[in-house]
Structures are given as structure tokens and as C-alpha cells.
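Spelled out from the first residue to the last, the chains are:
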Amino acid sequence: MEKIIDIIDSIAHEKGLPPESAKEAFKTALVQTARRVICEDCDYEAEIDETNKSYILRQKITVVEADDPRLVDEPEKFIALEEARAIDPDAEIGDELTGEPINLEEYGRSAAAALYHEIEYHIQRFVEEQMFTKYKSMIGTIVSGPVTRVDSEQNTYIEIDEVRAVLPKRNRIKGESFRVGETIKGILRYVGIDKKFGIHLEISRTMPKFLEELLRQEVPEIADGLVVIEKSARIPGERAKVALTAMSPSVDPVGATVGVKGVRINAVSRELHGENIDCIEYSPIPEIFVARALSPAIIGSVKIEEEKAIVSLPSDQKSKAIGRSGINIRLASMLTGYQIELLEIASTGVCTTGEGGIEEEKPLNPDALKALFGE
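Residues numbered from 1 in each chain as written. Predicted model: local features only at pLDDT ≥ 70, side-chain atom pairs only at ≥ 80, totals over all residues. Heavy atoms only, no water.

(A) Broad picture of the overall build of the protein chain. Secondary structure summary: the protein chain contains 13 helices and 17 strands in total. For the protein chain, whose C-alpha radius of gyration is 34 Å, the value lies well above the compact-globule estimate of 21 Å for 375 residues. Structurally, the protein chain occupies a C-alpha span of about 105 × 50 × 45 Å along its principal axes. Within the protein chain, the proportion of its 375 residues that are buried is 44%. When contacts within the protein chain are restricted to residue pairs at least 6 apart in sequence, those whose partners lie at least 24 apart make up 57%. For the protein chain, the accessible surface area stands at approximately 20700 Å², while carbon and sulfur atoms represent 49% of it. The protein chain carries 46 positive and 67 negative side-chain charges, and their two centres are separated by 11 Å. (Helix = DSSP H or I, 4+ residues; strand = E, 2+ residues; numbered from the N terminus. Rg over C-alpha atoms; globule rule 2.2 N^0.38 Å. Buried < 20%, exposed > 50% of the residue type's maximum accessible area, 1.4 Å probe, protein only. Contact = heavy atoms within 4.5 Å. Areas by Shrake-Rupley, 256 points an atom, 1.4 Å probe, with all protein chains shown as cover. Lys, Arg positive; Asp, Glu negative; His and termini not counted. Charge placed at Lys NZ, Arg CZ, Asp CG, Glu CD.)

Next up, the structure:
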């Protein structure tokens, strides 16, 4: 007990805690120990004497009227007003007085053992809170670490610094499998903490944010803010679309992101288990944005009606706009936020529905291209 403050400082240094946090943990441990070994229902306060490097523990007693029944039922917690004024002349009803200093050493080894466990517990809580704050600020960023275990349900456990994270099967790209010792990346999705299991992390490889962060790591222009990712949409492991804007007219956002011979985008695709990534230039004009989102299809015109985008296109472009299993039109809808309806432009110059039936027999508007560019 004589060196307890020096020990607390050593613990703070070892655990990477601010000294004040370690001392707060120690004071809480003193109060909890007193309640365990002296009086469970009593209130205590603890202070640290920095000069003598010792602690001061006192019981708090509430001042009540002389006829208060609690003086009989709980005499250790309450004191009559007259008796209190003999200690402090300014005492009033409801005030709290502190008793003489309590020395826990007088309560034997059981008190010392209880104090040891309380200090250990509260120091660990402070460490976890510090780690929780650290990882909470990292949500939405990429983390990586070696695989330590894959359970029977294909949940993958990863060691990230001093914390174990889990990559649930639902957050894994379809077709991926990992081995123990393999290093993998993911986006930090959730940080939790509880008294029983401590801090726990959940990561994901299927969120659009993971694609965006990988591009930020791979493309210097994105990292420097010269190119901005406006929106992204993914069907994990299959295909993704990214809408980009350049902050300078001298920068080609799509070219910078794709890289020479596709070296940059291919590096991101490999990390995403071969996911195909379409890069398009973003436009604030909805008609242009929808037309670009449907690439590689060549669009005739786009008309916006509230939450719907009606797209006219040549019949030979319909399959490209829809894509295999409808993946292209689904991604375009996810990226733009519009429900997309396709109308074929038949060879006779009339518009027909995407299902092949005639919707309205009228000549094709010769100004369709102007509509496309919002003119």
C-alpha cells in the first residue's frame, strides 16, 4: 500500500493509459472494495494524496433530522443534525459529511485481494473504453490482419492489432474462402463493447464503401481530392459502377481511376475477387447521369418522371442496357436512384416497350439527343 501510487503509474505506462485515467480507476476500485469488505450499502469517496503518494478513503454520512427513523435502521449511513453540527457548525439537513480516513490494510488479506481484483477490472475497463474510442473513429476505413480461425459456419476471425474482429459469412464476397494465416482486408463496419466479452469488431467486404476505400488507396488523384467518388453501387463479386467527378478540368476522372492499361482498376478488382468495375463520369443532370450509368449501351433519350427514368434506345442496345441476368440495369438503378424503364426504338421510328409491345405509335422525336443532354 505504501507504493500503490507508483504501481498505478507503472500500470498506466504499461497499458498506454493517461495517468489520470489509471488513478480514476484506482479510486473507483477503492470505493468498490470498501463496499465489499466494510459496508455494502454505504457511500464512500476516495482521494489521492500526490505529495505523500498515498490514498485517502472516507465514508460519506448524510445529515438528517433527529427523529428520522433511518438513524435507527441504518446508523452507519446517517447522522443527526445536532451531532453533525458538533463536527461542522455549518451542517444542514441533506448535507454529506465524511468520516475519519479508512485504512483497508486493517481489514486483512481479503481486503487486499479484493482491491487487487477491483483495480485489475477497472483498469481493463479503461483500456477497453480507450480502444473502443479508437476503433469507433475508424468505422468506414479499411483494416487488415491475419486470419486466426474459420468456424463451422464460415465466419472468419481476424487479428487486428490487439483486437479480434469477425468477418461474418454474410459480409463475405460470394466464392471467397480464406485460410488461417492469410492476411485479408475489409471495411470496419461495427464496433461494440460489453462487460462479458469486451470489445468486438465486425468487418465487411461487400459494402460499396469498401470499393471506394480501395480506390482511394490505389488512385492518388482520389486520395488527394483531385477526383471525387460521387456515388457507387455493387453486386459483390460480380460487378460494380462508380460515378466520378474531377475537381480540375485538366484531370480525366475515369482515366485517372482506371490507370494506364487498367493497372489501377485491375488491382482493385483482384482484391474484390474479380469483380468487374465500371467507371463513369458523374453528371448533376439526371438525364445524362442515367444515360452514362447504362453504359456500355448507347442511349437515344432519357425522360425523368419523378422517381422513374424512361429510357429510349435502339433495339440492338437493349441487351447491353439490361446486362447478363439484368445486372447492368440493376446497378444503374442503384447508382442513380431512379427506377429505369426501357423503351425500344424500332426500325420504323416508333417507340415500343421493353417487353416488345407497342406503347405509343408516334414518330421518334428528332430532338432526342437534345433531351439526352438536357437542352
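(B) Geometry of the sheet that holds strand E10 (residues 227–235). Across the sheet, 3 strands lie side by side as E10-E11-E12; this open sheet has mixed pairing. Taken across any chain shown, the strands that pair with only one partner, and hence form the sheet edges, are E10 and strand E12 (276–281). Neighbour-to-neighbour, the strand axes of the sheet open up by a mean angle of 20 degrees, direction not taken into account. In the packing of helix H10 (residues 286–293) onto the sheet, the strands contacted are E10, strand E11 (239–246) and E12, and the crossing angle to E12 comes to about 155 degrees. Taken strand by strand, helix H12 (residues 327–336) contacts E10, E11 and E12, and its axis lies near 135 degrees from that of E10. (Pairing = 2+ DSSP bridges. Axes fitted to C-alpha atoms, helices over the stretch in contact; angles between N-to-C directions.)

(C) Examining the state of the cysteines more closely. Throughout the structure, instances matching the rule amount to 1 disulfide. Disulfide pairing places cysteine 39 opposite cysteine 42 at an S-S distance of 2.2 Å. Here cysteine 39 and cysteine 42 share a disulfide; its torsion about the S-S bond, 70 degrees, makes the bridge right-handed. Comparing cysteine 39 with cysteine 42, the two get one shared label, buried. (Disulfide = S-S within 2.5 Å.)

(D) How the structure looks around the packing of aromatic side chains. On inspection of all chains with the given rule, the structure shows 2 aromatic pairs. The interplanar angle of 85 degrees and the centroid separation of 6.3 Å between the aromatic rings of phenylalanine 26 and tyrosine 55 together place this pair among those described as edge-to-face. Remark: tyrosine 55 occurs in strand E2 (residues 54–64) and phenylalanine 26 occurs in helix H2 (residues 19–37); sequence separation between them is 29 residues. Centroid distance tyrosine 282 to phenylalanine 289: 4.8 Å. Interplanar angle 70 degrees. Geometry classified as edge-to-face. We classify tyrosine 282 as partly exposed; its relative accessible area is 23%. Over the face of the ring belonging to tyrosine 121 we find arginine 125, whose NZ or CZ atom lies 4.6 Å from the ring centre. In this structure, arginine 149 is placed above the aromatic ring of tyrosine 157, and the distance from its NZ or CZ to the ring centre is 4.3 Å. (Phe/Tyr/Trp six-rings, centres within 6.5 Å; stacked < 30°, edge-to-face > 60°. Lys NZ or Arg CZ within 6 Å of the ring centre and 35° of its normal.)

(E) A look at the pattern of salt bridges. Using the criterion set out here, one finds 22 salt bridges in the structure. Here glutamate 202 ties to arginine 170 by a salt bridge, and the two come within 3.3 Å at their closest N and O atoms. Residue glutamate 202 is found in strand E9 (residues 198–204), and its partner arginine 170 is found in the loop between strand E7 (163–167) and strand E8 (183–194); the two are separated by 32 residues along the sequence. Judged by its relative accessible area of 12%, glutamate 202 is buried. (Salt bridge = Lys/Arg side-chain N within 4 Å of Asp/Glu carboxyl O.)

(F) Region of the structure containing H12. Of all 10 residues making up H12, 7 are buried, and the element is well covered by its neighbours. For H12, the full list of buried residues reads Ile327, Asn328, Ile329, Leu331, Ala332, Leu335 and Thr336. On its buried side, H12 packs onto E10, E11, E12, H10, helix H11 (318–322) and strand E15 (339–345).

(G) Inspection of the environment of valine 64 at higher detail. Tracing the backbone through its elements, the reader meets valine 64 in strand E2. Taking the relative accessible area as the measure of exposure, valine 64 reaches 3% and is therefore buried. Through-space distance from the C-alpha of valine 64 to that of valine 251 is 77 Å; in sequence the pair is 187 residues apart. Contact partners of valine 64, with chain neighbours within four places excluded, come to Arg70, Leu71, Phe78, Ile79, Ala80, Leu81 and Ile93.

(H) Structural context of unusual backbone geometry. For the bond from serine 295 to proline 296, the omega torsion is 20 degrees, close enough to zero to count as cis. The residue glutamine 154 is not glycine, and still its phi comes out positive at about 70 degrees. Within the secondary structure, glutamine 154 is located in the loop between strand E5 (142–150) and strand E6 (156–160).

(I) Just the sheet that holds E5, in detail. Strand order in the closed barrel formed by 5 strands is E5-E6-E7-E9-E8, with mixed pairing between adjacent strands. Taken over all neighbouring pairs, the strand axes of this sheet differ in orientation by 50 degrees on average, direction set aside. Sheet strands in contact with helix H6 (residues 208–218) are E5, E8 and E9, and its direction is about 125 degrees off that of E8.

(J) Seen up close, the environment of lysine 53. Along the polypeptide, lysine 53 turns up in the loop between strand E1 (43–49) and E2. Given the relative accessible area of 39%, lysine 53 is considered partly exposed. Expressed as a C-alpha distance, the spacing of lysine 53 and valine 251, which sit 198 residues apart in the sequence, is 63 Å.

(K) Molecular detail of the pairing of E8. Relative to E8, E5 runs antiparallel, the two being bridged by 5 bridges. Within E8, the residue paired with proline 146 across the bridge is threonine 183. Relative to E9, E8 is paired through 7 bridges, and the arrangement is antiparallel. Bridge pairing links aspartate 194 to glycine 198 in E9. Two successive antiparallel strands, E8 and E9, enclose a turn made up of 3 residues.

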